[in-house]
Each structure stands twice: as C-alpha cells, then as structure tokens.
Amino acid sequence: MELDFERCYRAVDSRDQRFDGWFYTGVTSTGIYCRPSCPAITPKRQNVRFFPSAAAAQGVGLRACRRCRPDAAPGSPLWDVRADVVGRAMRLIADGVVDRDGVPGLASRLGYTERHLHRMLSAEMGAGPLALARAQRAQTARILIETTDLGMAEIAFAAGFGSVRQFNDTLREVYATAPSDLRTARGGQRAPAGAGTLALRLAYRPPLHAQALLDFFAVRALPGVDEVRDGTYHRGLRLPHGTGEVALTPAAGHVAATLRLTDLRDLAPAVARCRRLLDLDADPTAIDATLAADPALAPAVAAEPGIRVPRAVDGFEMAVRAIVGQQVSVASAQKTLTRLLTTPTPKHVDHEVDLAIGDRIPRQPHDHRGGGGGLRGFLGAEELLAVPDSGFGMPVGRRETLRGLARAVVDGSVDLAAGVDREAATRGLLALPGIGPWTANYLAMRAFGDPDILLSTDLAVRRGAAALGLPDNPTILDGYADRWRPWRSYATMRLWRAA
C-alpha cells in the first residue's frame, strides 16, 4: 500500500481522526508510532515515516504511543472494499486464524503458498502474516491486562502467545514497558465482575447512526439468540473455542462492549466479529460524500449521517435467515425462525454442539423476562440437519434448500466464514437448488461485507426508490445506481429506510 508523504503529513498536522487506522505515523526521534490524530506536537518532517500497519512500525523497532494508543484505532476500511487476497488475509488474521492454524493454515485457506502470501503481505502491509498476528496478540494481551485480574501466565496463553517469555518480550518491545506496569497504569479500577467477563471500547470513525443499527436488529431479534434492550444490543456468539455473549452499547466515539466468554482465547475473534457486525471500520465520510452527490439521496444523508450496513457474526446464520426471509415479511420470517430454533431435536435437547471444536457445551437457560442472560449462538449446520420436518414450518422446497445449504457447509463445498472469496462463495451458493441472485447478493452484503451490492429486485428497495423519486424498475435502477459505486450497499440501506 503506497502512502503519499504529503497527504499523510497534512492529515497528521491537522490531527484528522478520519485517517486513524488507515496508516501509522512513526517518529524516529522519539522511537514511537502514533495514530494520525495523536494530540502530541506535530513532529518535524525529517523525523517522520509512515507505515501501512502497526506491525510494520513495530518491525523497525518503534513502540506504540501511550498517549494516543494507536493499537486501539479503528481498522482500515480498505479490507471491506478490497476482495483480493490481501484483503481476505487481513480479515482472517483479525479473526485469529494464524493463532489457531498458523501461517500454513492461513495460506491453505487462501489457496497460496506461505512464501507467496508472505511476499504479498509484506509488499502491501510492510509485514508478513506472523508479524501482523503478533501485533494483534499484543493488543489482545493489553486488553486482558487492563480489563481482567487474570495472572500474566493465563493472559499470555489466552492472547495466543506460545510462552510467557515470548509474551513478556513482545509487550516490552511493543509498549516499552513490562506487562505488570500496564496493569499498574490501570490504577485502582477493578476488573469487571465474573469469570471470563471483559469490558472494552470499540472505536469507530464518526459519524455513526447507532439508532438505525439498533432498529434494524430489534425487528429481526430471535428469542435466545439476540435482543435489543435499553439502547443495548445483546447477542450470543459461537466462537472457535467455545460460546460467548456480548452486550454492545453505542456511545460517543466508541461502542462499549461487555463480553462474557467461556474461553478467553476467543477474545480477538469475538472483537473482530463485533466490529464486523456493526460495520465499525467503515469510512462514513467518504460513503456519505458519494451518496450525497445524488440530489435524490442528499436530504436523507444530511438528516441521517453515518448509516452503516448491519453485518453478521455467523455466515451460516445469515444464510439461513436470508433463505427463510425470501418473499415473506420480516415478521413472518421471525415466526418461522423462532419455531426452527425452539423445536427439540436429538442433538439439541440438553446440549449445544460447538462444531468448531466438537465439544458438548451445556446450554445456559434463557431468561425470557429479559436481563440479557443465557443468550446463545444460532444453530450450527449439523444441528439444523437434525431438526425434524415439523420444526421448519415452511414449504418443502424451502426446507430442502436449508438442508442442502447445511450439507454443503458441513462437507466444505460452501464456505461462509470470514475472509471467504466472495465470488467463489456466491458461485457456490447459486449452484444450490432454491438459492437465487437476491439471496446470494444479500449474503454478499451482510455476511461477506461487500460494500457495493444493490438489491434492486427487493420489494422494499423498490418502494424506497419510488418514495425518493427514483426509478423503481430493477433494470433501470441498476443503471441509475452506478453513480453510487462503490457504496451501493449503503444506498440499499438508505432505500430500505426510505420505504
């Protein structure tokens, strides 16, 4: 990724928060690296270098600034726009694939050799996959140190380090201080109560229209899976090493997240999935500028800046929701999904099966009176296959489409995970009986994070277009929408709200 020195320096000189996460500022005279909006005195030009990643800055011996905390900046929006190998690799690294499967596992998922993958990432990011994962492990460790009372050895292994010595050396190198000093800097603040409970802030680039996200999730909430209550979105999570639950509360400049995890090794993937769910790495200024250039959308953009695309923490869940929601109302889809989730099955009576690790995990009781306790993740593919015919409550054809999807996920012929090749995944979905372009495009937008999808045949989109004085014929609307590229997914959200 090429960084223009003059443009980067102007962003640093103006302390422009929009560029936090796009690049990092290295100051050779002090030996630190910062985010562009760091409030410190602007360094002299001759003392500045710019880096495309925190790992690249760490690779030349710079430590993270303690004042602006560049490791807590929003992620780069490039990885949503870009669907190439580097973009996919960055999404997979954020989801913890290197920590779980190593570089060979990452390379295998991407279909490249380790050597070629290292070369591509080094050219674009200034660091290879190991260094990028190491930078993420350091931030995970810092979060655990500052938000829990766990011992340092427990934190080291929970963050993904191979040994306590590696953990100590890395944190001293990245933060120029001992791990115990990071905890001392927390002051007298106590960690959140409860084993496996963490409280942290998820940064974003303002503006963020939080109410639009909460409204979207509220009308689609499923009993025992997710709910919106008192301005907070609660949902259960299925994670690589166990289950979890998160409460997400939008606030000024950040989203407050309270995570309860059965295994702290799932912290990094849980954070990555929550960020993806709320589309927190988007660049709303660039998106809104493009859409506001259309007079038909300009008033909506001015009235509601920062509309995001609600995404997904589980690709299979989103696929099931999309198939059930084909050609029916949202309320009808919720009723059908609730029946699907609450029908007892031989594999789903007393336990849940975590397909990622094959362990049987006791199901926590759901408090139907509220309180946020006991939320669990959606059904896994194998669990859905165990649901009897009576649990589907839908036409036979749609029921068999769901089962066909589940079989394809189980046998690996369809991949719905983070970092998937969007085009390959779409082809695989369209090859399944009962899945058409609307469903595949809906998944591309919400599960795969494609920012440039227009659901022109969607009835609500057509109604929204008509309400704004735009053509509601799908073919004509497709042609008109070229002016919204590469942000047509965000235009879709605005048309939905207009309807």
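Residues numbered from 1 in each chain as written. Predicted model: local features only at pLDDT ≥ 70, side-chain atom pairs only at ≥ 80, totals over all residues. Heavy atoms only, no water.

Peer 1: Can you walk me through the pattern of salt bridges in this structure?
Peer 2: Oppositely charged side chains can form a pair if their charged atoms are brought close together. By the definition in use, this model includes 30 salt bridges. In this structure, Arg35 and Asp20 form a salt bridge, with 3.3 Å as the shortest nitrogen-oxygen distance. One end of the pair, Arg35, is in the loop between strand S2 (32–34) and strand S3 (48–51); the other, Asp20, is in the loop between helix H1 (5–13) and strand S1 (24–27), and 15 residues separate them in sequence. With respect to burial, Arg35 and Asp20 carry one shared label: buried. Among the charged side chains, a salt-bridge network with shared partners connects Arg69, Asp71, Arg142 and Glu146. (Salt bridge = Lys/Arg side-chain N within 4 Å of Asp/Glu carboxyl O. Helix = DSSP H or I, 4+ residues; strand = E, 2+ residues; numbered from the N terminus. Buried < 20%, exposed > 50% of the residue type's maximum accessible area, 1.4 Å probe, protein only.)

Peer 1: In this structure, what is going on with the sheet that holds S2? I would like to understand it.
Peer 2: Sheets are built from strands that pair by backbone hydrogen bonding, the pairs being arranged parallel or antiparallel. Pairing in this open sheet of four strands is mixed, and the strands run S3-S1-S2-S4 from one edge to the other. Of all strands in the sheet, those bounded by a partner on one side alone are S3 and strand S4 (63–64). Of the pairings in the sheet, the one linking S2 to S4 comprises two bridges and is parallel in character. Residue pairing across strands places Tyr33 opposite Ala64, the latter belonging to S4. Along the sheet, H1 contacts S1 and S3; its crossing angle with S3, the most-contacted strand, is approximately 100 degrees. (Pairing = 2+ DSSP bridges. Contact = heavy atoms within 4.5 Å. Axes fitted to C-alpha atoms, helices over the stretch in contact; angles between N-to-C directions.)

Peer 1: Which parts of the structure should I look at to understand the sheet that holds strand S8 (residues 242–251)?
Peer 2: The strand order across the open sheet formed by five strands is S5-S9-S8-S7-S6, and the pairing between neighbours is antiparallel. The sheet terminates laterally at strand S5 (197–203) and strand S6 (226–229), the two strands that pair on one side only. Pairs of neighbouring strands in the sheet enclose a mean axial angle of 25 degrees, with direction left out of account. In terms of strand pairing, S6 meets strand S7 (residues 232–239) through four bridges, oriented antiparallel. The residue of S7 that forms the bridge with Arg229 is Thr232.

Peer 1: In this structure, what is going on with helix H20 (residues 437–446)? I would like to understand it.
Peer 2: Along an α-helix, residues three or four apart share an orientation, since each turn contains 3.6 residues. Counting buried residues along H20, seven of its 10 residues qualify, which places the element largely inside the surrounding structure. Within the sequence span of H20, burial applies to Thr439, Ala440, Tyr442, Leu443, Ala444, Met445 and Arg446. Check the buried side of H20 and you find it contacts helix H11 (210–219), helix H15 (315–324), helix H19 (422–430) and helix H23 (488–498).

Peer 1: Hey, could you run me through the packing of helix H5 (residues 97–110) against helix H7 (residues 129–147) in this one?
Peer 2: Two numbers describe a pair of packed helices, the interaxial angle and the distance between the axes. For the pair H5 and H7, the least separation of the axes is 10 Å and the interaxial angle reads 170 degrees. Judged on the interaxial angle alone, H7 and H5 are roughly antiparallel. Only Pro129, Leu130, Ala133, Gln136 and Arg137 of H7 make contact with H5, whose side of the interface consists of Val98, Asp99, Val103 and Leu106. Grouping the constituent residues of the contact of H5 with H7 by class yields six nonpolar, one polar and two charged. (Parallel < 35°, antiparallel > 145°, perpendicular 65-115°, else oblique. Nonpolar A, V, L, I, M, F, W, Y, C, P; charged D, E, K, R; others polar.)

Peer 1: Explain the nonpolar core to me, please; I cannot follow it from the model alone.
Peer 2: The nonpolar side chains of a soluble globular protein tend to be buried with one another. Counting 114 residues, the largest nonpolar core has Leu248, Leu259, Val320 and Trp484 as its most contacted members. Of the residues forming this core, the biggest block, seven residues, is contributed by H15. If sequence neighbours within four positions are ignored, Val320 has contacts with Leu337, Leu340, Phe378, Leu384, Leu402 and Leu405. (Core = buried A, V, L, I, M, F, W, Y, C linked by side-chain atoms within 4.5 Å.)

Peer 1: What is the right way to look at the state of the cysteines in this model?
Peer 2: By the definition in use, this model includes zero disulfides. The structure places no disulfide on Cys68, whose sulfur is separated from the nearest cysteine sulfur, that of Cys38, by 3.8 Å. Overall, Cys68 belongs to the buried group, its relative accessible area being 9%. (Disulfide = S-S within 2.5 Å.)

Peer 1: Got a minute to help me understand the packing of helix H13 (residues 284–292) against H23 in this structure?
Peer 2: The geometry of H13 relative to H23 is characterised by a closest axis approach of 10 Å and an angle of 65 degrees between their N-to-C directions. Put simply, H13 runs roughly perpendicular to H23. In terms of crossing hand, the pair formed by H13 and H23 is right-handed. Facing H13, whose interface residues are Ile287, Asp288 and Leu291, H23 presents Tyr490, Ala491 and Arg494. Among the residues making up the contact of H13 with H23, the classes are represented as four nonpolar, no polar and two charged. (Left-handed = near helix turned anticlockwise from the far one by under 90°.)

Peer 1: Just to check I follow, could you spell out unusual backbone geometry for this structure?
Peer 2: Outside of glycine, negative phi angles account for most residues, and trans bonds account for most peptide bonds. Residue Pro207 follows Pro206 across a cis peptide bond; omega there is 0 degrees. With respect to the helices, strands and loops of the structure, Pro207 is situated in the loop between S5 and H11. For the bond from Arg485 to Pro486, the omega torsion is 0 degrees, close enough to zero to count as cis. Mapped onto the secondary structure, Pro486 falls in the loop between helix H22 (474–480) and H23. The phi angle at Asp230 is positive, at roughly 55 degrees, despite the residue not being glycine. Looking at the element boundaries, Asp230 is found in the loop between S6 and S7. A positive phi angle, near 60 degrees, is found at Gln327, a position not held by glycine. Looking at where Gln327 falls in the secondary structure, it is placed in the loop between H15 and helix H16 (330–342).

Peer 1: Just checking my understanding: could you explain empty space enclosed by the protein for this structure?
Peer 2: By rolling a water-sized probe across the atoms, one finds the places where empty space is left. One pass over the full model with this rule turns up four cavities of 30 Å³ or more. Considering only enclosed or pocket space, the largest cavity measures out at about 60 Å³ in volume. Contributions of two or more residues to the lining of the largest cavity are made by H11 and S8. By residue number, the principal contributor to the lining of the largest cavity is H11, which donates three residues. For the lining of the largest cavity, a count of residues per class yields nine nonpolar, no polar and no charged. The wall of the second largest cavity is formed by Arg235, Gly236, Leu237, Arg238, Val313, Asp314, Glu317, Gly377 and Phe378. Counting residues per element, the lining of the second largest cavity draws most heavily on S7, at four residues. Residue composition of the lining of the second largest cavity, grouped by class: three nonpolar, two polar and four charged. (1 Å grid on protein atoms, 1.4 Å probe; cavity = no way out; pocket = protein on both sides within 12 Å on 5 of 7 lines; lining within 4 Å. Points joined across faces, edges and corners; volume = space filled by probe spheres on them.)

Peer 1: Which parts of the structure should I look at to understand helix H6 (residues 114–125)?
Peer 2: With 12 residues, H6 ought to run about 16 Å at 1.5 Å a step, and its terminal C-alpha atoms sit 16 Å apart, in line with that. For H6, the full list of buried residues reads Leu117, Met120, Leu121 and Met125. Buried residues of H6, viewed axially, fall in a sector of 100 degrees; they line one side. More than 90 degrees from the buried face of H6, the exposed residues found are Arg115 and Ala123. Taken together, the buried residues of H6 touch helix H2 (54–59), helix H3 (78–81), helix H4 (85–94), H5 and H7. Phi turns positive one or two residues past the end of H6, at Gly126, with a value near 75 degrees. (Expected span 1.5 Å × (residues − 1). Arc of directions from axis to C-beta.)

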